[in-house]
Amino acid sequence: MDKQVIVITGASSGFGALTARTLAREGHMVYAGIRDTAGRNAKAVADIAAFSRDNNVDLRSVELDVVSNASVEAGIAKVIAEVGHLDVVIHNAGHMSFGPAEAFTPEQYAELFDINVLSTQRVNRAALPHMRKEGRGLVVWVSSSSTRGGTPPYLAPYFAAKAAMDSVAVSYASELTRWGIETAIIVPGAFTKGTNHFAHSGSPADAQRAAEYNDGPYKGVPEQALQGLAALEPADADAGSVARAITEVIAMPFGTRPFRTHVDPSGDGAEVVNGVADRVRAEMFRRIGLEDLLKPAIH
């Protein structure tokens, strides 16, 4: 496999940390994007340095706070200054919330969209000029089966944000092909173990309104929703399978990578609905005479 220079956001834990290490083991030069590297995530930075040293791989950390334009621009600039180019960007950073939709403030919705959606725009605006100049590259988006699969209650802000990110990814895909930049969307299901996604989820700011739901007609629904999701997940479900799927997609020859790759042990239906939606998209491009935008140009 050709050695790739890869930047992955949100790599201090969860899918991001697993993916960064898996890619590094495969021989790639991986920059693990982490915020507050000198503060709350200093241990993650130290762990990355130790992993790189102990496994004789090229895994590096880079300060990358995806909600800060200045941080993102500085982080990508550091990669370019050190290596001279960038082959793969992986949009992985994200945050979850759990609670009645009405109990979240508009500001909380905006914050979730900032982390899950606007972050990708900051990274793209910093990274894509370099990739377009090279005439070759890959953008990987870590989406969610919730965008088109079964959507249990109490996850509205997160589901809305991931759906928006997925929509942005689809639009970007056709706008990058003529630059020689390929798109791959990874669609994980609800992994309730192996990451801190659920454990670190945000809660509604309006606790009184949340209580009206939780102590009223929706009493017991939060517990049932979480227990139900966990029960759907096979005992052998492994969050590392998402990292392996990303690694396998990156290893594929340019121009052959699948548009979407689903990693959903629970089988919540997203693969079926996405299959229809992506076929409709491809047919529309054919009908308007832009079929060439469905595959990246080889320069």
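Anything mentioned here points back to the structure above.
Below you will find a few notes about this structure. Keep in mind it's a predicted model, so treat the numbers as computed, not measured.

Calculation rules
- Residues numbered from 1 in each chain as written.
- Predicted model: local features only at pLDDT ≥ 70, side-chain atom pairs only at ≥ 80, totals over all residues.
- Heavy atoms only, no water.
- Helix = DSSP H or I, 4+ residues; strand = E, 2+ residues; numbered from the N terminus.
- Rg over C-alpha atoms; globule rule 2.2 N^0.38 Å.
- Buried < 20%, exposed > 50% of the residue type's maximum accessible area, 1.4 Å probe, protein only.
- Contact = heavy atoms within 4.5 Å.
- Areas by Shrake-Rupley, 256 points an atom, 1.4 Å probe, with all protein chains shown as cover.
- Lys, Arg positive; Asp, Glu negative; His and termini not counted.
- Charge placed at Lys NZ, Arg CZ, Asp CG, Glu CD.
- Core = buried A, V, L, I, M, F, W, Y, C linked by side-chain atoms within 4.5 Å.
- Expected span 1.5 Å × (residues − 1).
- Pairing = 2+ DSSP bridges.
- Right-handed = clockwise from strand over helix to strand, strands pointing away.
- Axes fitted to C-alpha atoms, helices over the stretch in contact; angles between N-to-C directions.
- Parallel < 35°, antiparallel > 145°, perpendicular 65-115°, else oblique.
- Left-handed = near helix turned anticlockwise from the far one by under 90°.

**So, the overall build of the chain**
Then, in step 1: Scanning the chain for helices and strands turns up nine helices and seven strands.
Then, in step 2: Here the chain has a C-alpha radius of gyration of 19 Å; the compact-globule value for 299 residues is 19 Å, and the two agree.
Then, in step 3: Overall, the C-alpha framework of the chain stretches about 60 × 50 × 40 Å when taken along its three principal axes.
Then, in step 4: Burial statistics for the chain: of 299 residues in total, 48% are counted as buried.
Then, in step 5: In the chain, of all internal contacts separated by at least 6 residues, the share reaching a separation of at least 24 is 77%.
Then, in step 6: Working note: accessible area of the chain is about 13800 Å², and carbon and sulfur atoms make up 52% of it.
Then, in step 7: Seen as two clouds, the 28 positive and the 34 negative side-chain charges of the chain have centres 5 Å apart.

**Overview of the nonpolar core**
Then, in step 1: Counting 32 residues, the largest nonpolar core has Leu59, Ile90, Val140, Ile246 and Ile250 as the members making the most contacts within it.
Then, in step 2: Every element with two or more residues in this core is listed here: strand S1 (5-8), helix H1 (14-25), strand S2 (29-34), helix H2 (42-55), strand S4 (88-91), strand S5 (137-142), strand S6 (181-188) and helix H8 (240-251).
Then, in step 3: Per-element accounting of this core gives the leading share, five residues, to H8.
Then, in step 4: Discounting chain neighbours no more than four positions away, the residues touching Ile90 are Ile6, Val7, Ile8, Thr9, Thr19, Leu23, Val140, Val142, Ile246 and Ile250.
Then, in step 5: Residues Trp141, Leu176, Ile181 and Val187 belong to the second largest nonpolar core, which totals 31 residues.

**Quick notes on helix H9 (residues 270-287)**
Then, in step 1: Under the 1.5 Å per step criterion, the end-to-end length of H9 is 25 Å for 18 residues, consistent within 8% with the ideal 26 Å.
Then, in step 2: Those residues of H9 hidden inside the fold are in contact with helix H5 (156-176), S6 and strand S7 (260-263).
Then, in step 3: Looking one or two residues beyond H9, the residue adopting positive phi is Gly289, at roughly 80 degrees.

**Things to note about the pairing of S6**
Then, in step 1: Burial runs high along S6: eight of the eight residues are buried.
Then, in step 2: Residues Ile181, Thr183, Ile185 and Val187 line one face of S6 and the alternating positions Glu182, Ala184, Ile186 and Pro188 line the opposite face, and both faces are buried.
Then, in step 3: By the bridge criterion, six bridges tie S5 to S6 in an arrangement that is parallel. Bridging from a neighbouring strand, Leu138 pairs with Glu182 of S6.
Then, in step 4: In this region the chain leaves S5, passes through H5 and returns to the parallel neighbour S6; the handedness of that crossover is right-handed.
Then, in step 5: When S6 meets S7, the two strands line up parallel, connected through four bridges. Residue pairing across strands places Ile186 opposite Thr261, the latter belonging to S7.

**Observations regarding the packing of helix H3 (residues 69-83) against helix H4 (residues 106-134)**
Then, in step 1: Relative orientation of the contacting elements H3 and H4 amounts to 25 degrees, with a least axis distance of 8 Å. Considering the angle they form, H3 stands roughly parallel to H4. Seen from above, H3 lies across H4 with right-handed handedness. Between H3 and H4, the residues in contact are Asn69, Val72, Glu73, Ile76 and Ile80 and Arg122, Val123, Ala126, Ala127 and His130, respectively.

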